[in-house]
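Report on the structure
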Amino acid sequence: MKFEKFETKHIPYYYAWRNDPEVAVFDQSEFIRPQGFDEISEWAQRLVSGYTYIVSVDDVYIGTIALMNVDPRNRHAELAIVIGEKSYWSKGHGTQMMEKLLEMGFEGLNLNRLYLHVFSFNTRAIKLYEKFNFKHEGTYRNMVYRNGQYHDVLAFGLMRDEHIT
């Protein structure tokens, strides 16, 4: 598995993943509708300027990892994992991607806390976060509407001293 800094040249991959309904259902509401390349490209510029990395396996780009909303003063950040290539789902790549994010956050940026938000129906992701000892810290009830019904958004957090190495 390789991690490259996300650059403008990677936007076409991101565009394809964001316009795949099976991938987009797990992400922010703005990706539920199909979007043009210019819209995705404009949105993705924040990935270019942040702590976002595109991930490849055997020279195939499969997704991204990111540390967002980095607060160096209070030493915390939000994290995100996207595996956009569906043929790579449920093969252990999320585990490797999470290990890299935790290393970047706790060792590279010397953060004390990492947190994330996940839709309650994303059981595969929830199992990954629990595997790494993330704690469920709260629930935003009926926060997202998918497939004809409302779902909760769950907040998870992990402190440096809770991190299992």
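Structure first, text after, so check above.
Here the structure is a predicted model, which is why all the values come from computation and not from measurement. (Residues numbered from 1 in each chain as written. Predicted model: local features only at pLDDT ≥ 70, side-chain atom pairs only at ≥ 80, totals over all residues. Heavy atoms only, no water.)

1. As for the overall build of the protein chain
Across its full length, the protein chain carries five helices and seven strands. When its helices and strands are written in sequence order, the protein chain yields β-α-α-α-β-β-β-α-β-α-β-β. For 165 residues, the compact-globule estimate of 2.2 N^0.38 gives 15 Å, and the C-alpha radius of gyration of the protein chain, at 15 Å, lies within 12% of that figure. Taking the principal axes of the C-alpha coordinates as reference, the protein chain spans close to 40 × 35 × 30 Å. The proportion of buried residues among the 165 residues of the protein chain is 43%. Looking at the protein chain alone, contacts between residues at least 24 apart form 60% of all its contacts between residues at least 6 apart. When the accessible area of the protein chain is evaluated, it comes to approximately 9200 Å², of which 48% is carbon and sulfur surface. When the 19 positive and 22 negative side-chain charges of the protein chain are each reduced to one mean point, those points stand 3 Å apart. (Helix = DSSP H or I, 4+ residues; strand = E, 2+ residues; numbered from the N terminus. Rg over C-alpha atoms; globule rule 2.2 N^0.38 Å. Buried < 20%, exposed > 50% of the residue type's maximum accessible area, 1.4 Å probe, protein only. Contact = heavy atoms within 4.5 Å. Areas by Shrake-Rupley, 256 points an atom, 1.4 Å probe, with all protein chains shown as cover. Lys, Arg positive; Asp, Glu negative; His and termini not counted. Charge placed at Lys NZ, Arg CZ, Asp CG, Glu CD.)

2. Overview of helix H4 (residues 93-108)
In a regular helix each residue adds 1.5 Å, so 16 residues correspond to 22 Å; H4 covers 21 Å between its end C-alpha atoms and thus fits that length. Looking at H4, one finds that the buried residues are His 93, Gly 94, Thr 95, Met 97, Met 98, Leu 101, Leu 102, Met 104, Gly 105 and Phe 106. (Expected span 1.5 Å × (residues − 1).)

3. Things to note about the nonpolar core
Core analysis: the biggest nonpolar cluster contains 40 residues, and Met 98 and Phe 134 have the highest contact counts within it. Ignoring anything within four residues of it in the chain, the contact list for Met 98 reads Leu 79, Ile 81, Leu 128, Tyr 129, Phe 132 and Phe 134. (Core = buried A, V, L, I, M, F, W, Y, C linked by side-chain atoms within 4.5 Å.)

4. A short note on the pairing of strand E3 (residues 60-71)
Note: strand E2 (residues 51-57) against E3, seven bridges, orientation antiparallel. By the bridge assignment for E3, Thr 52 is matched with Ala 66. Linkage of E2 to E3, two consecutive antiparallel strands, is achieved through a turn of two residues, within which Asp 58 is found at a positive phi near 50°. For E3 and strand E4 (residues 76-83), the ladder comprises seven bridges, and the chain directions are antiparallel. What sits directly across from Met 68, in E4, is Glu 78. What sits between E3 and E4 in their antiparallel hairpin is a turn of four residues, with Arg 75 showing a positive phi close to 60°. (Pairing = 2+ DSSP bridges.)

5. Structural notes on the sheet that holds strand E5 (residues 113-119)
In spatial order, the strands read E1-E2-E3-E4-E5-E7-E6; together these seven strands make up an open sheet with mixed pairing. Edge strands, defined here as strands with exactly one partner in the open sheet, are strand E1 (2-5) and strand E6 (135-146). The average undirected angle you get between the axes of adjacent strands in this sheet is 25°. Where helix H1 (residues 11-18) meets the sheet, its contacts fall on E2, E3 and E4, and the angle it forms with E3 comes to roughly 95°. Strands E1, E2, E3, E4, E5 and strand E7 (149-159) of the sheet are contacted by H4, whose axis makes an angle of about 30° with E3. (Axes fitted to C-alpha atoms, helices over the stretch in contact; angles between N-to-C directions.)

6. Description of unusual backbone geometry
With phi around 50°, Asn 69 is a residue other than glycine that occupies positive phi space. A positive phi angle, close to 50°, is found at Asn 147, a residue other than glycine. By secondary structure assignment, the location of Asn 147 is in the loop between E6 and E7.

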